[in-house]
Amino acid sequence: MTSLQDVNPRVKGIRVSSQSGLQSLAENITRDISLGAQQSFKEVIDISSGDPQGAGMKPISFVRQVLAVCLCPELLKEERLPLDVRLRALRLLEACDGESVGSYTASSGLPHIRQTIAEFIMKRDEAVPAYAKNIFISSGAQRALMVIVKLLSGGEGQLQTGVLIPQPCPHTLLPLLDEAGVMAVPYRLIEENDWAVDLSELDRALTTSRGRCEPRAIYISNPGNPTGHLQNWESIKKVIKFAAAERLLLLVDEVYQDSVYAPNREFISYKKVLFEMDKHLRDTVELVSFHSLSCACVAECGLRAGYMEVVNMDSGVMHFVDTMLCTDINAPVTGQLVLELMLSPPNPSDPSYNTFAHETLLTGATLAQNSQRALKLLNDLPGMSCRPAMGGIYLYPHLDLPSEIREQAEVGKGAMLGLEADVLYCQMLLEEEGLIIGAGQDDGTSGCYHLRLCILIPPDTLEEVLSRLSSFHLRLIDRERNRSVEEDKDENQHAVTSGRNRPKLHLTGQKSKFKF
């Protein structure tokens, strides 16, 4: 490969997330600080993506202890470790070839782990049947989704495969579809209704996509990433009926199923609802659901393991799912083992149970309290508003941007990270306050902008985040107000000198040009 023109055009067409540019800038700032550069902050804080441990959350003791024993079997004799930790590690090692985590596994995952996943699903869905043969373990839910999307991918022009996706959606989804050669068909989530899925929007998206592509699937995130919306039974039923009527494969991201904190609400899986519907739908609707270690409970994002369960998929197609996974050889064994620990935690009679229960309850309480704390502050800031989340680990506030930033973006002053005004806002926030938050997925044509904040972080870190964000945002507003005053002064002065008008009288409390 001698030049850029030799690079695969599809690779060159992959949309690069603004996240990459912001993180590159953060690395430069961090390096400069280490070399003695003076900043108003001591370190960069990143809450732009769902990486709780990267932001300071502590891992679950039971998970790390079992994993430590699996990596170092000599610890099986270490009596200072709880007995259930050592017994669980022994069982997991016995499930590995050579009783070693360094061995290969089947491309679809260790049989013991797949069976554990099936048992978890049956318990969660109150005895709805689940089978290990329909479960495939992968290097994270993202990889599992890529396998399915690549199986769907095909055609060009009007025959190109299309997938209906929510707007907004996970920031990693669009690059994934680009890599697979699939057209994204966005359907708008209704912000005024706490980011609910709307059937008329699904109809609109599907109708307008015809003639541009061949829609073959619909992607749903429940609880919503990054909106935090949680679908109820009736909403899920409507989506299933829509998919059945339009012969669309259902791709359901349920990674944050363990992070529902809205009062009197609980997670309901798409599979459970499907199996309560009439027999024709139960036997024909094709569904693939995804879960992973990136969930709130264990948040072991870096161990890279997840799984998908396929429902009503042709056995011939399932063969090619396994074939695609073979290109990875297998998912990381350590990640597979932690999947088992996540889905089959200690029992109340086990020595590790009390610590495990305390740590997981603390994580859940931190998430719920952080959500309320951040929501109040965001809604108190002028020019910002945020719908309450019901679950997940993000908040997704609406942002009315000052004209200064919009104008700078238009003339290209934010070219390093792209010209979108919300990205420029995030760049300025990073440079002035050392804080990385995610830009929304708005193209600017509607005049609407959003931000993405991960709230599963330590409470003291959240306070620092909110302090930095408030300080920057209020400074920005003050600059906008001062700019308006100066513009009015110039206008009045010009009017006086030209003799056309008397000076404008500014009354106390006169509304700023900045909309909030």
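Rules used in this analysis
Residues numbered from 1 in each chain as written. Predicted model: local features only at pLDDT ≥ 70, side-chain atom pairs only at ≥ 80, totals over all residues. Heavy atoms only, no water. Pairing = 2+ DSSP bridges. Helix = DSSP H or I, 4+ residues; strand = E, 2+ residues; numbered from the N terminus. Axes fitted to C-alpha atoms, helices over the stretch in contact; angles between N-to-C directions. Contact = heavy atoms within 4.5 Å. Disulfide = S-S within 2.5 Å. Core = buried A, V, L, I, M, F, W, Y, C linked by side-chain atoms within 4.5 Å. Buried < 20%, exposed > 50% of the residue type's maximum accessible area, 1.4 Å probe, protein only. Parallel < 35°, antiparallel > 145°, perpendicular 65-115°, else oblique. Left-handed = near helix turned anticlockwise from the far one by under 90°. Nonpolar A, V, L, I, M, F, W, Y, C, P; charged D, E, K, R; others polar. Phe/Tyr/Trp six-rings, centres within 6.5 Å; stacked < 30°, edge-to-face > 60°. pLDDT = per-residue confidence, 0-100. Patch = residues over 30% accessible without salt bridge, like charges linked within 9 Å, V, L, I, M, F, W, Y side chains within 5 Å. Areas by Shrake-Rupley, 256 points an atom, 1.4 Å probe, with all protein chains shown as cover. Salt bridge = Lys/Arg side-chain N within 4 Å of Asp/Glu carboxyl O. Right-handed = clockwise from strand over helix to strand, strands pointing away.

If you had to explain the sheet that holds strand β3 (residues 161–167) to someone new, which residues and values would you point to?
Strand order in the open sheet formed by seven strands is β2-β8-β7-β6-β5-β3-β4, with mixed pairing between adjacent strands. Looking at strand neighbours, the two that pair on one side only are β2 (135–138) and β4 (183–188), the edges of this open sheet. Going across the sheet, the axis of each strand differs from the next one's by a mean of 25°, ignoring polarity. As defined by bridge partners, strand β5 (residues 214–221) adjoins strand β6 (residues 249–253) across five bridges and the pair is classed as parallel. Residue pairing across strands places Ile-218 opposite Leu-250, the latter belonging to β6. With respect to the sheet, helix α5 (residues 111–124) is in contact with β2, β7 (287–292) and β8 (306–311), its orientation differing from that of β2 by roughly 120°.

Residues and numbers for the state of the cysteines, please.
What makes a disulfide is a covalent bond joining the sulfur atoms belonging to two cysteines. Tallied over the full model, the rule gives zero disulfides. Left without a disulfide partner, Cys-454 is nearest to the cysteine sulfur of Cys-301, which lies 8.4 Å away.

Provide a residue-level description of the nonpolar core, including the pertinent values.
In terms of nonpolar packing, the biggest core is built from 85 residues, with Leu-251, Tyr-425 and Ile-437 touching the most fellow members. Once residues within four sequence positions are removed from consideration, Tyr-425 is found in contact with Met-384, Leu-399, Leu-401, Ile-405, Ile-437, Leu-451, Leu-469, Phe-472, His-473 and Leu-476. Residues Leu-110, Ala-118, Leu-293 and Ala-305 belong to the second largest nonpolar core, which totals 37 residues.

Give a detailed account of the packing of α5 against helix α13 (residues 333–343), specifying residues and quantitative values.
Two numbers describe how α5 lies on α13: the axes approach to 9 Å, and their chain directions differ by 25°. Taken together, the axes of α5 and α13 lie roughly parallel to each other. For α5 against α13, the interelement crossing comes out left-handed. Residues His-112, Ile-113, Thr-116, Ile-117 and Phe-120 of α5 touch α13, and the partners they reach there are Gln-336, Leu-337, Leu-339, Glu-340 and Leu-343. In the contact of α5 with α13, the residues fall into six nonpolar, three polar and one charged.

Quick one: what's the story with the pairing of β8, residue by residue and with numbers?
In terms of burial, β8 is largely enclosed, as six of its six residues are buried. The alternating pattern of β8 places Gly-306, Met-308 and Val-310 and Tyr-307, Glu-309 and Val-311 on opposite faces, both of which are buried. Note that β2 and β8 share four bridges and pair antiparallel. The residue bridging Ile-137 from the neighbouring strand is Tyr-307, located in β8.

Explain the packing of helix α6 (residues 141–152) against helix α12 (residues 315–326) residue by residue, including any values.
The N-to-C vectors of α6 and α12 enclose an angle of 125°; their axes lie 10 Å apart at closest approach. Considering the angle they form, α6 stands oblique to α12. For the pair α6 and α12, the crossing hand works out as right-handed. Taken together, the residues of α12 that come into contact with α6 (itself represented by Arg-143, Val-147, Ile-148, Lys-150 and Leu-151) are Val-317, Phe-320, Val-321, Met-324 and Leu-325. Residue composition of the contact of α6 with α12, by class: eight nonpolar, no polar and two charged.

Give a detailed account of the side chain of Glu-201, specifying residues and quantitative values.
Relative to the elements of secondary structure, Glu-201 occurs in helix α8 (residues 199–209). Leave out the neighbours within four places in its chain, and Glu-201 touches Tyr-187, Arg-188 and Ile-190.

Explain the packing of aromatic side chains residue by residue, including any values.
In this structure the tally under the stated criterion is four aromatic pairs. Measuring from ring centre to ring centre gives 6.4 Å for Phe-62 and Phe-356, while their planes differ by 80°; the resulting arrangement is edge-to-face. Highlighted residues: Phe-62 in helix α3 (residues 61–71) and Phe-356 in helix α14 (residues 353–380), separated in sequence by 294 residues. Residue Phe-62 shares its accessibility class with Phe-356, and that shared class is buried. Seen from their ring centres, Tyr-425 and Phe-472 are 5.1 Å apart, and the 80° between their planes marks the pair as edge-to-face. Taken together, the positions of Tyr-425 in helix α16 (residues 421–433) and Phe-472 in helix α17 (residues 459–498) put the pair 47 residues apart, joining distant regions of the chain.

Account for the confidence of the model for the protein, with residues named and values stated.
When pLDDT is low, close inspection of the predicted coordinates is not appropriate. On average, residues of the protein score 90 in pLDDT, and 91% of them are at 70 or above. The low-confidence segment residues 413–417 (pLDDT under 50) makes 11 contacts with residues lying over four places distant or belonging to another chain. Under a pLDDT of 50 for its full length, residues 501–516 has, in the predicted model, 25 contacts with residues more than four places off or in other chains.

Quick one: what's the story with a nonpolar patch on the surface, residue by residue and with numbers?
A cluster of nonpolar side chains, contributed by Leu-83, Leu-87 and Leu-90, occupies part of the molecular surface with about 240 Å² of accessible area. Counting through the fold element by element, Leu-90 comes out in helix α4 (residues 83–95). Taking relative accessible area as the criterion, Leu-90 reaches 34% and is therefore assigned partly exposed.

Mind laying out the pairing of β3, listing which residues take part and the relevant values?
By the criterion of burial, β3 is predominantly enclosed, with six of the seven residues buried. Looking at chain direction, β3 and β4 are connected through six bridges and run parallel. Bridging across to β4, Gly-162 finds its partner in Met-183. For the segment spanning β3, helix α7 (residues 173–180) and β4, crossover handedness is right-handed.

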